[in-house]
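Now for the letters of each chain:
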Amino acid sequence: MSVIKTILATLVLLFTLTACSELQYYSTTGFAPITSKGHGASYWLEQMHAIRTMTAEQRLVTYQLWEQDYINDPDDNNRVKLALLLATGHESIRNLERAREILTGIAADLENHSDREFVILLEQLINEQLLANNTIIDLRASNRRKTRQIKE
């Protein structure tokens, strides 16, 4: 009788472990999907991801629409949206100086802490990109001078 109980317990354990073996981890290549509830940093990161995956025509249309939204109603949401497009979009629409101008003073006005932190990080990103661009310009000018001196 104890042998039957042992065999039965082993079979139950075996079926339980077999059922658990079907649980496999989810693996994907590429970026993880970003979901949000329409506010906060997760929403803005979702927008940034959408901007980066747009085609050239979509970028142009999106820029025109968001620019018009900003002109019609320059509220905080439209300001951040347009600045994000100008800061992280393709070179054809990128304008870091204008993005910084649009974001000037907005971080203090935002009520949502997550939005405020995202705007601060976006401003830092813009400032670092502008500084890097200026450094590249200075280095190119220095390189041209030194090349001219070498030729002389």
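Rules behind the numbers
Residues numbered from 1 in each chain as written. Predicted model: local features only at pLDDT ≥ 70, side-chain atom pairs only at ≥ 80, totals over all residues. Heavy atoms only, no water. Patch = residues over 30% accessible without salt bridge, like charges linked within 9 Å, V, L, I, M, F, W, Y side chains within 5 Å. Areas by Shrake-Rupley, 256 points an atom, 1.4 Å probe, with all protein chains shown as cover. Salt bridge = Lys/Arg side-chain N within 4 Å of Asp/Glu carboxyl O. Lys, Arg positive; Asp, Glu negative; His and termini not counted. Charge placed at Lys NZ, Arg CZ, Asp CG, Glu CD. Helix = DSSP H or I, 4+ residues; strand = E, 2+ residues; numbered from the N terminus. Buried < 20%, exposed > 50% of the residue type's maximum accessible area, 1.4 Å probe, protein only. Core = buried A, V, L, I, M, F, W, Y, C linked by side-chain atoms within 4.5 Å. Contact = heavy atoms within 4.5 Å.

**Here's the deal with a positive patch on the surface**
Point 1. Among the surface-exposed residues, R140, R144, R145, K146 and R148 lie close enough to one another that they form a single positively charged patch.
Point 2. On the secondary structure map, R140 appears in helix α6 (residues 113-151).

**Considering the pattern of salt bridges**
Point 1. The full count for this structure, using the stated rule, is 2 salt bridges.
Point 2. Two residues, K81 and D69, come together in a salt bridge whose shortest N-O distance is 3.8 Å. Of the two residues, K81 sits in helix α4 (residues 76-88) while D69 sits in helix α3 (residues 56-72), which places them 12 residues apart along the sequence.
Point 3. Overall, the relative accessible area of 12% leaves K81 in the buried class.
Point 4. For D69, a relative accessible area of 30% puts it in the partly exposed group.

**With respect to the nonpolar core**
Point 1. Residues L84, L103, V119, L122 and I126 are the most contacted members of the largest nonpolar core, which totals 27 residues.
Point 2. Looking at this core, the elements that each hand over two or more residues are α2 (41-52), α3, α4, α5 (96-103) and α6.
Point 3. Per-element tally for this core: the top contributor is α4, with 7 residues.
Point 4. In contact with V119, not counting residues within four places along its chain, are V80, L103, I106, A107 and L110.

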